[in-house]
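Descriptive analysis of the structure
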Amino acid sequence: MLGSLQELFDLPLETKTRNVAKKLFHGYAGQHPHIPLYESMGIDDADVQEKVDELVSSLWPQGHPTFSKTIQSYAEKLSTLDHIVRRMILESLGVEKYLEEHLNSTYYFLRITKYKGPQTPETEVGLPTHTDQNLLTILYQNQINGLEVLTKNGEWISVKPSPESFIVIAGESLYAWSNGRIHSAKHRVMMSGSETRYSAGLFTISKSGYIVKVPDELVDEGHPLLFKPFDMAEFLEFYSRENGWEAESALKSYCGI
Ligand SMILES: O=C(O)CCC(=O)C(=O)O
Ligand SMILES: [Fe+2]
């Protein structure tokens, strides 16, 4: 997987920019003056072979079956992990009766990112502070660290994962669905030195048309309803259109009570 990521970013810029997507932030992103170290590519439905093949044939017109298969099987394997994590979350909240609906209402978006080293001993921003807007994100990376997560106590901690581990981050939509019980942590990427960091994030997103609604069991006197039901696809459009990353909570502005 890590070899495939490097191979993808080693393509010429004009080839990579063929990765255009209908949704903002889902295609090629890079060469941005504010985040010069950052470059990313995205694949919607990365666990579906035909969807991956479609993108791959636009990048390599002669095809690249090993690359295609690596990406698809990575996403498919991690979707199993996503299911396990969501089962654990729903069971811990006592709402496992919603598990099937939860699992069946989502799709997977894979974003792969390359961060150049700034070539300086001081750290520089690779990706600015943000929360993820979707339900759940599972991250994997090469041996170069850089991810930092803000704890509830306001302390930034550096994440140093082993090659065998994955990082699971809850998004704002899961915070909303759990009526505030699952914290959506702020995070960022800080880079130093000269080595290149590669990461792959599998984003679990609700399908367009599906209405995300807090289970009745999670609303009571001690936990008043925080968000109105919402369509995540429409919210994500709002987030892109209204520069949602500048708001303290775009989801609150969109459908907070
Ligand atoms: O590269 C990473 O480790 C984090 C990426 C990330 O936070 C994102 O794409 O939302
Ligand atoms: Fe993120």
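Above this note sits the structure.
Residues numbered from 1 in each chain as written. Chains lettered and ligands numbered in written order. Predicted model: local features only at pLDDT ≥ 70, side-chain atom pairs only at ≥ 80, totals over all residues. Heavy atoms only, no water.

**Some thoughts on the coordination of the iron ion (ligand 2)**
- For the iron ion (ligand 2), the full set of protein donor atoms is His130 (NE2), Asp132 (OD) and His187 (NE2), at a range of 2.1 to 2.2 Å.
- All donor residues of the iron ion (ligand 2) come from one chain, and their arrangement in sequence is H-x1-D-x54-H. Like Asp132, His130 is buried. (Donors = N, O, S within 2.8 Å, 3.2 Å for Na, K, Ca; no water. Buried < 20%, exposed > 50% of the residue type's maximum accessible area, 1.4 Å probe, protein only.)

**Overview of the site of ligand 1**
- Every residue near ligand 1 is listed here: Arg111, Tyr115, Leu127, His130, Asp132, Leu139, Leu147, His187, Val189, Arg197, Ser199 and Phe203.
- Between ligand 1 and Tyr115 there is a distance of 2.7 Å, counted from an oxygen atom to a side-chain nitrogen or oxygen.
- Contact distances for ligand 1 include 3.2 Å between an oxygen atom and a side-chain N or O atom of Asp132.
- Every element with two or more residues in the shell around ligand 1 is listed here: β3 (106–115), β4 (120–130), β9 (187–193) and β10 (197–206).
- When grouped by side-chain class, the residues that make up the shell around ligand 1 number 6 nonpolar, 3 polar and 3 charged. (Near = heavy atom within 4 Å. Polar contact = N/O pair within 3.5 Å; in protein donor to acceptor, adjacent residues only side chain to side chain. Helix = DSSP H or I, 4+ residues; strand = E, 2+ residues; numbered from the N terminus. Nonpolar A, V, L, I, M, F, W, Y, C, P; charged D, E, K, R; others polar.)

**Quick look at the environment of Gly201**
- Looking at the secondary structure, you find Gly201 in strand β10.
- When the C-alpha positions of Gly201 and Ala75 are compared, they lie 9.5 Å apart, and in sequence the two are 126 residues distant.
- Leaving out residues up to four positions away in the same chain, Gly201 has contacts with Phe109, Leu110, Arg111, Ile138 and Leu139. (Contact = heavy atoms within 4.5 Å.)

**Quick word on the packing of aromatic side chains**
- According to the stated counting rule, one finds 13 aromatic pairs in the structure shown.
- For the pair Phe235 and Tyr254, a centre-to-centre distance of 5.4 Å together with 50° between the ring planes defines the contact as tilted. Residue Phe235 is found in helix α7 (residues 232–241), and its partner Tyr254 is found in helix α8 (residues 250–255); the two are separated by 19 residues along the sequence.
- By relative accessible area, Phe235 is classed as buried at 0%.
- Ring-pair connections join several aromatic residues into one group, and the members of that group are Phe230, Phe235, Phe238, Tyr239, Trp245 and Tyr254. (Phe/Tyr/Trp six-rings, centres within 6.5 Å; stacked < 30°, edge-to-face > 60°.)

**Concerning the pattern of salt bridges**
- Throughout the structure, instances matching the rule amount to 9 salt bridges.
- As a salt-bridge pair, Arg188 and Glu148 come within 2.7 Å of each other at their nearest N and O atoms. Of this pair, Arg188 sits in strand β9 while Glu148 sits in strand β6 (residues 147–150), and the two are 40 residues apart along the sequence. A single burial state applies to Arg188 and to Glu148, both of which are buried.
- We note a salt bridge from Lys186 to Glu248, for which the minimum N-O separation is 3.1 Å. With a gap of 62 residues between them, Lys186 in the loop between α6 (172–177) and β9 and Glu248 in the loop between α7 and α8 connect regions that are remote in the sequence. (Salt bridge = Lys/Arg side-chain N within 4 Å of Asp/Glu carboxyl O.)

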